[in-house]
Each structure stands twice: as C-alpha cells, then as structure tokens.
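Chain by chain, the residues:
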Amino acid sequence: MDEYGSNELLAFIERCPSAFHTVHEIAGRLEQAGFTYLPEAAHWELCAGGCYYTTRNGSSIIAFRVGAELSDYHFQLCASHSDSPSYKIKNEAELDGPGEYLRLNVEAYGGMIDNTWFDRPLGVAGRVLVRENGAVVSRLFDAERDLLLIPNVAIHFNREINNGYKYNRQVDLCPLFSAGELKKGAFDTFVAGQLGAEPEDILGKDLFLVNRQKGVVWGACGEFVSSPKLDDLQCAYASLQAFLQEENEQAVNVYCCFDNEEVGSNTKQGAMSTFLADVLERINVALGKTREEYLQAQARSFLVSCDNAHAVHPNHPQKTDAENCVWMNRGIVVKESANQKYTTDAFSRAVFTELCVRAQVPAQSFANRSDSAGGSTLGNLSNTQVSMHAVDIGLAQLAMHSSYETAGARDTEYAIRALRMFYRTNVRIEEAERVAFS
C-alpha cells in the first residue's frame, strides 16, 4: 500500500548513501529535466527562461530557473541538506586485532544515536581521490553490499546494558571487517579493487558507514514510512520534486541542498559558506543587473528552509510542548524559536501559512519546551551570508538522528504540494509590511 508515493521517496534515498551520491542523484535528475551545468570555475552566461545548476565540493548543489519575463526580479528559494549523522572512516582505517580480527577506525559525524548502529549490516560509501592518467580524480564509491557490522557486547558480559550504558566511541563503535580472512591493508585493497585502481593510487578518502536496512512503508493502514536518512532527504526530495514541476515567470526560483548541516554548516560548502551568496551574485551579474538591483532583489526574496521536525513521541509525549507539538500525517510543520535558532517570525509564518491554505495543505506549529534546548537548522545560518525573509519548515518524524527513522506516509506529498504552490506563486514582498501573491 503506497497511496502517497512513499516508495518513490525510498528509492531516492536508497540511491543516496552519502552526501556525494545525493548531489550526483539530484544533478542527474536536473540534467534529465534539461538543466545546464555551470561549473563554478567557468564563465556563466544566462538567458531568460533558462535552467541551470552548479555544485561545490561534489556534496552541495544549487539549481535555479530564470523567469522568462523576470518582471519582478527577486529570488524564491528552498534549502535542505544532503548529509546525515554517521561515522566517518579515518584515513588510517584499520585496527589490527585482537587476535585475527580486523576492525575499522571511525569517528562520529554529527549527533547520532549510537545504539541504533549496532548489530545490523553496514555498507561504506562516499568519495575516493585516485591517481589516474597523471591526474588526481574524484570517484564516487559505494560498496553496494553488506560489508561491516558493529557487534554489541553480550548481556552476560555487560549486565548494565539495559540500565543506561554509556558507549565509548573509540572502543565500542569500531565495525568488524574480518575475522582472519583478511590482513592489515585489506581495506584500501578492497576499495581500490571496487574502483579498478591500485591501492597505492588512492590518495584520499571521504568514506562513511551506511545503514543497509531497506526503507519500508508499514502499518495496518500503510501510514508510516521508515528509512535511513529521512532527516533530511525527505525534505531534499520533496523540495526537488516541487522545484522541477513548477515555474515562476516573474522571478528566479532556486533549489539548494547543502552539505555539513549536521556538523554546523561552517564549511566552504555548508549553508554558512559563501556558496549561496556567490551563486545569487553571479546570477545577477550574468543577467546584466547592477549591484543596486541585486540588493533590491535580495530584499524582496523569500527562503523556505526545509528540515524535519520532532513528532510527539508515543511513549514520551511530555518531551514536547503540549500546545506547540506536531504529529505525523498532519501536514507541514512551521518551526519557531524565540532564540532565533529557526528563522520563522510572524511575517514569514503568515506568508507560508497563506501558501499552505492556497495549496489546501494542513500546517502545524512547533516550538520547543521552554525548559529544554532545541536543535537548529540551516535557515538562520544561510541568512548570515544572504539576508532575506525566511521561514523554517519540516515534516514530523520520530527518532531523529537514529540510523533508521520514521515519518508519516502522507507528509511527503503534503510538502510537495505546498512547495509547488510556493514555486509557482509570485511572492511580492514590500519590506515586512505587506506581501501580495500573483
């Protein structure tokens, strides 16, 4: 049962085992839709009605569609992120022993729930830099098989395991690679073999553990979807679908998917970098606009930051604010925080809520309990580089940052409908005093 197209979402996620694969998958879909790739290091020439995209580091991507008329020059943007919490394999990857065991040495990337990574088949994916014909070339890597496993200690040896055991990531989280068949050096040999290269030609690796458990639609009524990486590939997928299906003749529609949100976004390819500002300024130059026109356009622009939100937990409802809590399958979540961890304010809430009403999509309101700290996302971080009106939205989910997360099967379709309305509606902003829709 898949009334709401969740299997298409799951197929997308399965093709995105790392941020590098996510950007590759998105770029492929853009190419299929007729978008032109613009390398950052090349000269850009744009035309009205043109569709383009660029990437940075192979792990962040920005696409844009220039309005054919461009009579109300501004930008309408959606931003999500390509990365998820995982464990990065260290450059010197292998731990020899004890005995004939061969393990891998990993460190945490982001704030994951450690115990969800135990006792399940794991893969490896990311990118590898390889010496090739006198050059160094970046190659996507996906083992595409059950390769590793992090074994729990038996309860007989750890009687405290059910009483709140604290894992030591240097000790407990080392995945098992071999039990005697392979010797030290085998990991690079394996990676090289998969790429058709020699081990000595591997010069750099950005490789991560991957939960190989398949995503599923489940429940007596098919109301749930569970998968790795719902945070934030559910939003990346929904906003991409909306972006590809709609046009705005008067403005420039923009789709962003940034890397490194899970570690603070403060990288050259993160939301806090100059990537978005650079792209928007280059659009402005290539369209023959002045600096003054760019600043005017920026003031009239609107950003929808798309990152999932915490649903009420069925066993721990007290963790959420009783009046500002959200539920799976009840539509778009608008997130707000007095400490500005989210970008939403009264103006941006009003703008996006009106768009949801027009799209006939239900909207919910989320705020953290006042006695507990909440998370943050990429909207307020990108606004440090490109300041514009912005709203933070997401879809309600359980077990955020688990290796296997759960959301509502209806909500992806709700997001696509709401974001399609955003992309096809010309949002005309006059300061923070008035907004019209055409």
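Above this note sits the structure.
Read on for a plain summary of the structure.

**So, the nonpolar core**
By size, the foremost hydrophobic cluster in this structure holds 54 residues, and its most contacted members are L30, I61, Y255, V304, I332, F352 and I393. Top element by residues in this core is helix α4 (residues 230-245). It accounts for 9 residues. Apart from residues no more than four positions distant in its own chain, Y255 is found in contact with I26, I61, I62, A63, C78, S80, A236, S239, L240, F243 and Y423.

**So, the packing of helix α5 (residues 275-286) against helix α6 (residues 291-299)**
Relative to each other, α5 and α6 sit at 125°, their axes nearing to 10 Å. When the interaxial angle is binned, α5 and α6 end up oblique. Once α5 is placed against α6, the crossing between them reads as right-handed. Of the residues in α6, those in contact with A277, L280, E281 and N284 of α5 are R291, E293 and Y294. Class assignment for the residues of the contact of α5 with α6 results in 3 nonpolar, 1 polar and 3 charged.

**Some points on the pairing of strand β18 (residues 389-394)**
Note on strand geometry: in a regular strand, side chains alternate between the two faces of the sheet. Most of β18 sits inside the fold, with 6 of its 6 residues counted as buried. By the alternation rule, side chains of β18 split into H389, V391 and I393 and A390, D392 and G394, which are all buried. Judged from the 5 bridges that link them, strand β14 (residues 302-306) and β18 form a sheet pairing that is parallel. Residue pairing across strands places V304 opposite V391, the latter belonging to β18.

**Considering the sheet that holds strand β16 (residues 332-335)**
Here 9 strands make up an open sheet; going across it, the order is β1-β2-β3-β13-β4-β14-β18-β16-β17 and the pairing mixed. Edge positions in the sheet fall to β1 (36-37) and β17 (363-366), since each of these pairs with one other strand and no more. Sheet topology places strand β3 (residues 60-66) next to strand β13 (residues 252-258); 6 bridges connect them, and they run antiparallel. Across the sheet, residue A63 finds its bridge partner in β13, namely Y255. The sheet strands contacting α4 are β3, β4 (75-81), β13, β14 and β18, and the helix crosses β4 at an angle near 150°. Sheet strands touched by helix α9 (residues 411-424): β4, β13, β14, β16 and β18. Its angle to β4, the strand with the most contacts, is close to 150°.

**Remarks on the packing of helix α2 (residues 19-32) against α4**
Where α2 contacts α4, the two axes come as close as 11 Å, and the packing angle between them is 15°. In terms of orientation, α2 lies roughly parallel with respect to α4. Once α2 is placed against α4, the crossing between them reads as right-handed. Here α2 contributes T22, I26, R29 and L30 to the contact with α4, which in turn contributes L233, Y237, L240, Q241, F243 and L244. Its residues assigned to classes, the contact of α2 with α4 shows 7 nonpolar, 2 polar and 1 charged.

**A closer look at helix α3 (residues 186-195)**
By the burial criterion, the buried members of α3 are A186, F187, F190, V191, A192 and L195. On its buried side, α3 packs onto β5 (86-96), β6 (102-109), β7 (122-132), β8 (135-142), β9 (176-178) and β10 (202-211). Immediately downstream of α3, the backbone of G196 shows phi near 70°, a positive value.

**Brief notes about the packing of aromatic side chains**
The final tally for this structure, using the stated rule, is 19 aromatic pairs. Each ring, one from F243 and one from Y423, has its centre 5.4 Å from the other, and the planes form 65°; the classification is edge-to-face. Of the two residues, F243 sits in helix α4 while Y423 sits in helix α9, which places them 180 residues apart along the sequence. A cation over a ring is seen here: K289 above Y73, with NZ or CZ 5.0 Å from the ring centre.

**Overview of α6**
Within the sequence span of α6, burial applies to Y294, A297 and Q298. The buried residues of α6 occupy one face: seen down the axis, they fall within an arc of 100°. Buried residues belonging to α6 abut β4 and α5.

**A few points about the sheet that holds strand β15 (residues 309-310)**
Taken in spatial order, the 5 strands make up an open sheet running β11-β12-β20-β19-β15, and their pairing is mixed. Of all the strands in the sheet, the pair left with one neighbour each is β11 (216-218) and β15. Relative to strand β20 (residues 405-408), strand β12 (residues 224-227) runs antiparallel, the two being bridged by 4 bridges. Within β20, the residue paired with F224 across the bridge is G408.

**Considering the pattern of salt bridges**
Taken as a whole and assessed by the stated rule, the structure comprises 22 salt bridges. The partner of E14 in a salt bridge is K214, with the nearest N and O atoms 2.3 Å apart. Of this pair, E14 sits in helix α1 (residues 6-14) while K214 sits in the loop between β10 and β11; the two residues are 200 residues apart in sequence, bridging distant segments of the chain. R291 is the partner of E281 in a salt bridge, and the nearest nitrogen-oxygen pair spans 3.4 Å.

Criteria and cut-off values
- Residues numbered from 1 in each chain as written.
- Predicted model: local features only at pLDDT ≥ 70, side-chain atom pairs only at ≥ 80, totals over all residues.
- Heavy atoms only, no water.
- Core = buried A, V, L, I, M, F, W, Y, C linked by side-chain atoms within 4.5 Å.
- Buried < 20%, exposed > 50% of the residue type's maximum accessible area, 1.4 Å probe, protein only.
- Helix = DSSP H or I, 4+ residues; strand = E, 2+ residues; numbered from the N terminus.
- Contact = heavy atoms within 4.5 Å.
- Axes fitted to C-alpha atoms, helices over the stretch in contact; angles between N-to-C directions.
- Parallel < 35°, antiparallel > 145°, perpendicular 65-115°, else oblique.
- Left-handed = near helix turned anticlockwise from the far one by under 90°.
- Nonpolar A, V, L, I, M, F, W, Y, C, P; charged D, E, K, R; others polar.
- Pairing = 2+ DSSP bridges.
- Phe/Tyr/Trp six-rings, centres within 6.5 Å; stacked < 30°, edge-to-face > 60°.
- Lys NZ or Arg CZ within 6 Å of the ring centre and 35° of its normal.
- Arc of directions from axis to C-beta.
- Salt bridge = Lys/Arg side-chain N within 4 Å of Asp/Glu carboxyl O.

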